[in-house]
Amino acid sequence: MDGTGSDAMTPPMTRPMIRLSGVGKTYDDGTVAVQQLDLEVQRGELVCLVGPSGCGKSTTLKMINRLIEPTTGSIEIDGQDVTGQDPVEMRRGIGYVIQQVGLFPHQKIIQNVMTVPLLYGESKAKARQRATELLELVGLDPATYADRYPHQLSGGQQQRVGVARALAANPPVLLMDEPFGAVDPIVRLRLQDEFLRLQDELGVTVVFVTHDIDEAVRLGDRVAVFATGGRLAQYDTPARLLGRPADDFVADFVGSTSGLRRLTVIPLDPAHVEPLDGVRTGDLDAVIDTDTTLGDALAVLLREDRGLVGVKQGSQFVGVLTPNGVHRALRAALAEMAAAR
Ligand SMILES: Nc1ncnc2c1ncn2[C@@H]1O[C@H](COP(=O)(O)OP(=O)(O)OP(=O)(O)O)[C@@H](O)[C@H]1O
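As annotated in an unreviewed UniProt entry, the protein chain is ABC transporter ATP-binding protein from Nocardioides caricicola. Per UniProt, the comment on the protein chain under Sequence similarities (unreviewed entry) is "Belongs to the ABC transporter superfamily."

### Notes on empty space enclosed by the protein
Scanning all chains against the criterion turns up one cavity of 30 Å³ or more. The volume enclosed by the largest cavity comes to roughly 80 Å³. Along its surface, the largest cavity is lined by L137, V138, R160, V163, F180, L191, E194, F195, R197 and L198. Every element with two or more residues in the lining of the largest cavity is listed here: α6 (155-167) and α7 (185-202). The dominant element in the lining of the largest cavity, judged by the number of residues it contributes, is α7, at five residues. For the lining of the largest cavity, the residue count by class is seven nonpolar, no polar and three charged.

### Observations regarding the site of the ligand
Around the ligand, the neighbouring residues are Y27, D29, T31, A33, P52, S53, G54, C55, G56, K57, S58 and T59. In this structure, K57 approaches the ligand through a side-chain N or O atom, which is 2.8 Å from an oxygen atom. Residue S58 places a side-chain N or O atom 2.8 Å away from an oxygen atom belonging to the ligand. In isolation the ligand has 640 Å² of accessible area, and contact with the protein removes 60% of it. Top contributing element to the shell around the ligand by residue count: helix α1 (residues 57-64), with three residues.

### A look at the sheet that holds strand β3 (residues 46-50)
Strand order in the open sheet formed by six strands is β6-β7-β8-β3-β9-β10, and the pairing between neighbours is mixed. Looking along the sheet, the strands with just one partner apiece sit at the ends: β6 (94-98) and β10 (231-236). For this sheet the average axis-to-axis angle between neighbouring strands, irrespective of direction, equals 15°. Note that β3 and strand β8 (residues 205-210) share five bridges and pair parallel. Each residue of the ladder has a partner; that of V47, found in β8, is V207.

Definitions and limits used
Residues numbered from 1 in each chain as written. Predicted model: local features only at pLDDT ≥ 70, side-chain atom pairs only at ≥ 80, totals over all residues. Heavy atoms only, no water. UniProt positions renumbered as here; feature names shortened; annotations may be inferred. 1 Å grid on protein atoms, 1.4 Å probe; cavity = no way out; pocket = protein on both sides within 12 Å on 5 of 7 lines; lining within 4 Å. Points joined across faces, edges and corners; volume = space filled by probe spheres on them. Helix = DSSP H or I, 4+ residues; strand = E, 2+ residues; numbered from the N terminus. Nonpolar A, V, L, I, M, F, W, Y, C, P; charged D, E, K, R; others polar. Near = heavy atom within 4 Å. Polar contact = N/O pair within 3.5 Å; in protein donor to acceptor, adjacent residues only side chain to side chain. Areas by Shrake-Rupley, 256 points an atom, 1.4 Å probe, with all protein chains shown as cover. Pairing = 2+ DSSP bridges. Axes fitted to C-alpha atoms, helices over the stretch in contact; angles between N-to-C directions.

Written out as structure tokens, the structure is:
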């Protein structure tokens, strides 16, 4: 290997941010954790690795930042073979968030977030400014939280600090291992929403490990489903994964409630929008856009409890959506799924 990676000639913006080629890991005791894994993650993409316990998700993630060395294959980040780089140096350029946040208990929140910029040689003033911005970015008011200690924060708040700290070095790649696994379901949903917004804003490339298919489908631009023994069973968009599982294992894993899950990925089809007949647009408090997913549309309907919401395309009202419309759309999606199997 020449150290520049096989892909160094490809224009930077078009080559994958992360590329695993034929990667395998067999532990010393003979356990085959990952086999012949080929996986590409595009720049700015959020990819979820999902699968049953012990299928090699964490091992894969840790091979990307070289906490674990692969037995076979190669891993490139931005066209550079990671095995040719100093692991400590390399790891600093990759954000890493785990379930047990690992905050320093005797340091204030602001100091916890400042650690990485200080390591990079930033002045204290600059590191503090950056940490303050990051706390704001992850939804923690610095005036309230900067001077608290980790034990004075809830689990969800600590997780936010973990995300802020991982982002402190402005890493192009963020690896997350079950980051929201320990918080209750409601907080988890909120953290997921916030994280999606943040990722969109920052354009960071994310590999996110979860054992929860709902979380994977909700967050991932693409989802890699692993089977036991570290075999990649399917790597696809959430909609295709739910609509066209590659084999029985994936179909089982995606599960019998996949019809409902599809709601979270199917865009609202204009075919299910009803005409505005007799409804004055001024009467429509709740408005959704045509590119809303059915799941979000249903959430607005339930929240508003009004029986219908207005649907807009750009600035133009194109009709209304009712619970019946959502029902029809779901039935159509299920029929399409059945036809695809
Ligand atoms: N240090 C190790 N030595 C031997 N086997 C290991 C080691 N670490 C992990 N394994 C094994 O490798 C396989 C994959 O483990 P890994 O932690 O990657 O799975 P996972 O999909 O992340 O699981 P989980 O969802 O339970 O965290 C498992 O069978 C595990 O027991």
